[in-house]
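Spelled out from the first residue to the last, the chains are:
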Amino acid sequence: MIEPHAPAPPGAPPSWTGPARLPVRPGTGRFLVLVCVFVCAACGLVYELELVAFASYLIGDPVTQASVVLSVMVFAMGIGSLGAKRLRWHAAAGFGAVESALALIGGCSAMALYAVFAWTAGWGGMWAEGPRCLLVAFSLAIGLLIGAEVPLLMELIQRIRRQDAGGAVADLFAADYVGALVGGLAFPFLLLPLLGQLTGALLTGTVNVVAGGALVLGLFRRDLTRRARWTLLLTGLVVLGVLASAAALADDFERAARRAVYGGDVRVAVQTGVQEVVLAGGTHGRPLDLFLDGRLRVGGRDEHRYPEALVAPALAGPHARVLILGGGDGLAAREVLRHRGVRRVDVVALDPGLVRLARRDPGLAAANGHAFADRRVHAGTGDALAWLRGVRGPTYDVVIADLPDPGITTSTKLYSQEFYGLARRALAPDGRLVVHAGPVTTRPRAYWTVAATLRTAGLAVSPYRVLGHDSGRTAGPGRGTGASRAPHDWGFLLAAPGRTPPPLRIGADRPRTLTRAGLAADGEAARRTRIAGLPASTLVHPRY
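So, here is what we can say about the structure in this document. (Residues numbered from 1 in each chain as written. Predicted model: local features only at pLDDT ≥ 70, side-chain atom pairs only at ≥ 80, totals over all residues. Heavy atoms only, no water.)

**Quick word on the overall build of the protein**
Stated formally: To qualify as a helix, a DSSP run of H or I must reach at least 4 residues; to qualify as a strand, a run of E must reach at least 2; elements of each kind are numbered from the N terminus. Remark: exposure states derive from per-residue accessible area (1.4 Å probe, protein chains only) relative to the maximum for the residue type, with buried under 20%, exposed over 50%, and partly exposed in between. The contact criterion used is simple: two residues touch if any of their non-hydrogen atoms lie within 4.5 Å. Every accessible area reported is derived by Shrake-Rupley at a probe size of 1.4 Å, with residue values counting cover from the shown protein chains alone.
In terms of helices and strands, the protein carries 14 helices and twelve strands. Burial status across the protein gives 53% buried among its 544 residues. Partitioning the intrachain contacts of the protein with sequence separation of at least 6 by distance along the chain shows that 75% fall at a separation of at least 24. Surface summary for the protein: the accessible area is close to 23,200 Å², and the carbon and sulfur share equals 62%.

**A word on the pattern of salt bridges**
Applied cut-off: Salt bridge criterion: a side-chain nitrogen from Lys or Arg within 4 Å of a carboxyl oxygen from Asp or Glu.
Applying the stated criterion across every chain, the model contains 17 salt bridges. Here E254 ties to R258 by a salt bridge, and the two come within 3.0 Å at their closest N and O atoms. Of the two residues, E254 and R258 are both situated in helix α6 (residues 226-262); the distance of four residues between them amounts to about one turn of the helix. The class for E254 is partly exposed, based on a relative accessible area of 21%. Taking the relative accessible area as the measure of exposure, R258 reaches 13% and is therefore buried. A salt bridge links D374 to R376, with the nearest nitrogen and oxygen atoms 3.1 Å apart. Residues participating in the shared-partner salt-bridge network are E308, R334, E335 and R338.

**Here we look at the environment of F173**
Along the polypeptide, F173 turns up in helix α5 (residues 165-219). In this structure, the C-alpha to C-alpha distance between F173 and L34, residues 139 residues apart in sequence, is 9.3 Å.

**Brief notes about the environment of A186**
Residue placement: A186 occurs in helix α5. Residue classification places A186 among the buried residues on the basis of a relative accessible area of 18%.

**So, α5**
Rules: By this rule, a helix spans an expected 1.5 Å times one less than how many residues it contains. One axis fitted to the seven residues ending at a residue, another fitted to the seven starting there: the angle between these axes is the bend at that residue.
Its 55 residues give α5 an end-to-end C-alpha distance of only 22 Å, which falls more than 12% under 81 Å, the value for a rise of 1.5 Å per residue. The principal kink in α5, of about 110°, is found at G196.

**A look at the packing of aromatic side chains**
Rule in force here: Paired rings are identified among Phe, Tyr and Trp, the last through its six-membered ring, by centres lying within 6.5 Å, and are further divided according to the angle between planes into stacked (under 30 degrees), edge-to-face (over 60) and tilted (the rest).
Overall, the coordinates contain ten aromatic pairs when judged by the stated rule. An angle of 80° between the planes, with centres 6.3 Å apart, marks the rings of Y114 and F253 as edge-to-face. With Y114 in helix α3 (residues 91-120) and F253 in helix α6, this residue pair connects regions lying 139 residues apart in the sequence. On the basis of relative accessible area, Y114 is assigned to the buried category, the value being 4%. For F253, a relative accessible area of 16% puts it in the buried group. An aromatic cluster of at least three residues, connected via ring pairs, comprises F54, Y114, W119 and F253.

**Concerning empty space enclosed by the protein**
Regions of empty space are outlined by a rolling probe, equal in size to a water molecule, passed over the atoms. Keep this limit in mind: Only protein atoms enter the 1 Å grid used here. Points where a 1.4 Å probe fits but cannot escape make up a cavity, open sets with protein on both sides within 12 Å along at least five of seven lines make up a pocket, and a residue lines them when an atom lies within 4 Å of a point. Grid points are joined across faces, edges and corners, and a volume is the space filled by probe spheres set on the points. Note on residue classes: Ala, Val, Leu, Ile, Met, Phe, Trp, Tyr, Cys and Pro are nonpolar, Asp, Glu, Lys and Arg are charged, and everything else, Gly too, is polar.
Across all of its chains, the model carries three cavities of 30 Å³ or more by this definition. Volume-wise, the largest cavity comes out at about 50 Å³. Taken together, the elements giving at least two residues each to the lining of the largest cavity come down to α1 (26-58), α3 and α4 (130-160). Of the residues forming the lining of the largest cavity, the biggest block, three residues, is contributed by α1. Residues belonging to the lining of the largest cavity are distributed by class as follows: eight nonpolar, no polar and no charged.

**What to know about the nonpolar core**
What counts is decided by this rule: Here, nonpolar core refers to any group of buried Ala, Val, Leu, Ile, Met, Phe, Trp, Tyr and Cys residues whose side-chain atoms link them within 4.5 Å.
Among the nonpolar cores identified, the biggest contains 66 residues, and V33, L51, F95, Y114, L215 and F220 are the most heavily contacted of them. For this core, the elements supplying multiple residues, two or more each, are α1, α2 (62-83), α3, α4, α5 and α6. Beyond its immediate chain neighbours, meaning those up to four positions away, L215 contacts L32, V33, C36, F95, L153, L156 and F220.

**A closer look at the side chain of E276**
Let me state the cut-off plainly: The term polar contact refers here to a pair of N or O atoms within 3.5 Å; inside protein, the definition further demands a hydrogen-donor-capable atom paired with an acceptor-capable atom, and it admits residues adjacent in sequence only when both atoms are side-chain atoms.
Within the secondary structure, E276 is located in strand β2 (residues 276-280). Judged by relative accessible area, E276 falls into the buried class, the value being 10%. Polar contacts involving the side chain of E276 include one to the side chain of Y262, which spans 3.5 Å. For E276, the residues in contact, after removing those within four places along its chain, are R258, Y262, V270, Q271, F291, L292 and D293.

**Considerations on the sheet that holds strand β3 (residues 289-292)**
Neighbouring strands of a sheet are bound in pairs by backbone hydrogen bonds; such pairs are parallel or else antiparallel. Basically, it comes down to this: Paired strands are those between which DSSP finds at least two bridges. Here an axis means a line fitted to C-alpha atoms, over the contact stretch when the element is a helix, while the angle between two N-to-C directions is reported on a 0 to 180 degree scale.
A sheet is described by the order of its strands in space; here four strands give the open sequence β1-β2-β3-β4, paired in antiparallel fashion. The sheet terminates laterally at β1 (266-271) and β4 (295-298), the two strands that pair on one side only. Between one strand and the next, the sheet's axes are offset by a mean angle of 25°, whatever the strand orientation. When β3 meets β4, the two strands line up antiparallel, connected through three bridges. When the bridges of β4 are listed, L292 appears paired with R295. Along the sheet, helix α9 (residues 352-360) contacts β1, β2 and β3; its crossing angle with β2, the most-contacted strand, is approximately 20°.

Below, the structure written as structure tokens:
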């Protein structure tokens, strides 16, 4: 609660001794303060969204990262509001100092997070959680400074013309909320696509410090001592210099950081509107790596392992009509087209930008065998669940769910009973559904939860898995860029309508890495399978 009549502590000067001496009329002064509230609120929300976006790209699991950032920031805003009470006796100077600090910290936060992730995330040990700790630290600092703004602005607006507390709060919060709306819309629709995260954050910091400095040094300069005016002016100029220098170096910094994260062969790095897509290598004989939001989706050394293991068992039966949900990279479609008898393949991908790259980029198009140029392939974009709702009757012999890892919160609906019920409705009576269900070794509960959900939807299930590289940098849905976060196996579930689990076998069009003998486990692989909770006979072991 704001207390406009709270007494000053003993020995402190009063918060105001009469109307402020303004260079403009009081009505104009109040309007300028509310404009500053609007601008600062927009900048504050951009800082919040920028932290959430960066955490999602670099760390993953956007719902969790958004919850952490917003909850820490809201908590810090409350603490900042309480702390600002001590600055109310010097509201103009305090507000100028807060805006300078907020512009510097908020504007540089994206670059600092990227630098820590790119060059120190692989250190391990005590610093293994360094990027997450820095994310919390930035959320806390920015929240404290944003929280300090409102009490100081309330004091300044009351200095212009005394008003009842309720009316002042209503005016102030109206400008604040409208500014937050504008900032929230500007970030995804203007700043991110036109400037990128780094330059967008730096520009936001520039607007922030200019707005705060203009209000204090222009409107309330007579409330400041000569020393305070020069201190605030020099501080603002230093902050502007730092932000301008960082903006000039942003492109070179981003290229260097990408090379540190993704390797030296980065060719393409685009923000599609759905995710960040990075392509490394893939031309002049170099292996192709595809990263989606920082996660290694396709690895040049073993890019055929995952799509072959996903597709081959499902196409051992009838497969004239195939539906691929996900698979915007075209690799699953490539594997489907290797099987004789395929007449039509429908691909439903969420990200049209990734599909365009899969068609046109020379490296990715070569990796998927130019699958999207085949007349049998019909690519569409949209939500997989919504697409299944529009399917009427048993249309497909095979449905392939090439979707994000079930451990990612945003993909939960794609592993729901409703989703599998719709997929079952789309299947022919002797059709098959295959699902990637995440790593078995590290997340057995999630894997078997997906299996139980399939059974609840009226599908019989045959579980199997494929081992990845022992190097720890295994590509696939939900895989991280670091070795410490890369599971060593893929877990799959082959399902069919009814009560009889479909047999696990490989059809006549045998892929490169799966053999009929490979469906039986032996030795160390069998022991690891039993530990993971699968019967030994369900292990698909690649030949290498």
